[in-house]
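Fold and contact review
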Amino acid sequence: MENCLFCKIAEKKIPSAIVYEDEDLLAFKDINPAAPVHLLLIPKKHFSTLSDCSANEAPLLGKMLALAPRLAEEAGCGVSYDADGSPAGGYKTLINSGPNGGQEVYHLHLHVIGGPHPWRGQR
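Not measured: the values here are computed from a predicted model.

1. A few points about the overall build of the chain
Counting its secondary structure elements, the chain contains 2 helices and 7 strands. Going from the N terminus to the C terminus, the chain shows its helices and strands as α-β-β-β-α-β-β-β-β. The C-alpha atoms of the chain give 15 Å as radius of gyration, which agrees with the globular expectation for 123 residues (14 Å, within 12%). Buried positions account for 37% of the 123 residues belonging to the chain. Here the analysis covers contacts within the chain between residues at least 6 apart in sequence; of these, 49% occur between residues at least 24 apart. A total of about 7,200 Å² of accessible surface is found on the chain, and carbon and sulfur atoms cover 52% of it. Averaging the coordinates of the 11 positive side-chain charges in the chain and doing the same for the 14 negative ones gives two points 4 Å apart.

This is the structure we're talking about:
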């Protein structure tokens, strides 16, 4: 996709603050973060939306989801447990699909959002 912003980031034609990269995936800091931690995880292969993925992409999608906790932990917002076993910390994962789903860039991406209740508007 020649005009896709995230394809250009994956191809290193546009600079980004990369936090993870392998042969299939790239993760970078969002340039307009909604929280203290706001990472975007993208497949290097272009899929416009999650709806464009088939069962063939299950391993790639699973790899994305499995990577999210690691990225959150490395960014300082992983889930931890207090001495009494109560959970603490945490992060939110989000995939927007289509215009009614709030998608703005039409390249599949997973948001990893963390910090003190970022989904409640606190930064």
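After presenting the structure, the write-up continues.
2. Some thoughts on the nonpolar core
Grouped together as the largest cluster of nonpolar side chains are 18 residues, with contacts concentrated most on Leu25, Leu41 and Leu71. Breaking this core down by element, the ones donating at least two residues are strand E2 (25–29), strand E3 (37–43), helix H2 (58–74) and strand E7 (110–114). Top element by residues in this core is H2. It accounts for 6 residues. Each residue touching Leu71, except ones within four places of it in the same chain, is listed here: Val19, Tyr20, Ala27, Leu39 and Leu41. Core analysis: the next-biggest nonpolar cluster, separate from the first, contains 9 residues, Cys4, Leu26, Phe28 and Ile42 among them.

3. A closer look at the UniProt feature "active site" (unreviewed entry) in the chain
Here the UniProt feature "active site" (unreviewed entry) sits at His109. Position of His109 among the secondary structure elements: in the loop between strand E6 (91–94) and E7. In this structure His109 comes out as buried when scored by relative accessible area, which is 5%. A polar contact of 2.7 Å, which involves the side chain of His109, links it to the backbone oxygen of His107.

4. Here we look at the pattern of salt bridges
Applying the stated rule across the entire model yields 7 salt bridges. Here Glu21 ties to Lys44 by a salt bridge, and the two come within 2.8 Å at their closest N and O atoms. Placement of Glu21 in strand E1 (residues 18–21) and of Lys44 in the loop between E3 and H2 is noted, with a sequence separation of 23 residues between them. In this structure, Lys63 and Asp24 form a salt bridge, with 2.7 Å as the shortest nitrogen-oxygen distance. Of this pair, Lys63 sits in helix H2 while Asp24 is found in the loop between E1 and E2, placing the two residues 39 residues apart along the sequence.

Here is what the cut-offs are and how they apply
Residues numbered from 1 in each chain as written. Predicted model: local features only at pLDDT ≥ 70, side-chain atom pairs only at ≥ 80, totals over all residues. Heavy atoms only, no water. Helix = DSSP H or I, 4+ residues; strand = E, 2+ residues; numbered from the N terminus. Rg over C-alpha atoms; globule rule 2.2 N^0.38 Å. Buried < 20%, exposed > 50% of the residue type's maximum accessible area, 1.4 Å probe, protein only. Contact = heavy atoms within 4.5 Å. Areas by Shrake-Rupley, 256 points an atom, 1.4 Å probe, with all protein chains shown as cover. Lys, Arg positive; Asp, Glu negative; His and termini not counted. Charge placed at Lys NZ, Arg CZ, Asp CG, Glu CD. Core = buried A, V, L, I, M, F, W, Y, C linked by side-chain atoms within 4.5 Å. UniProt positions renumbered as here; feature names shortened; annotations may be inferred. Polar contact = N/O pair within 3.5 Å; in protein donor to acceptor, adjacent residues only side chain to side chain. Salt bridge = Lys/Arg side-chain N within 4 Å of Asp/Glu carboxyl O.

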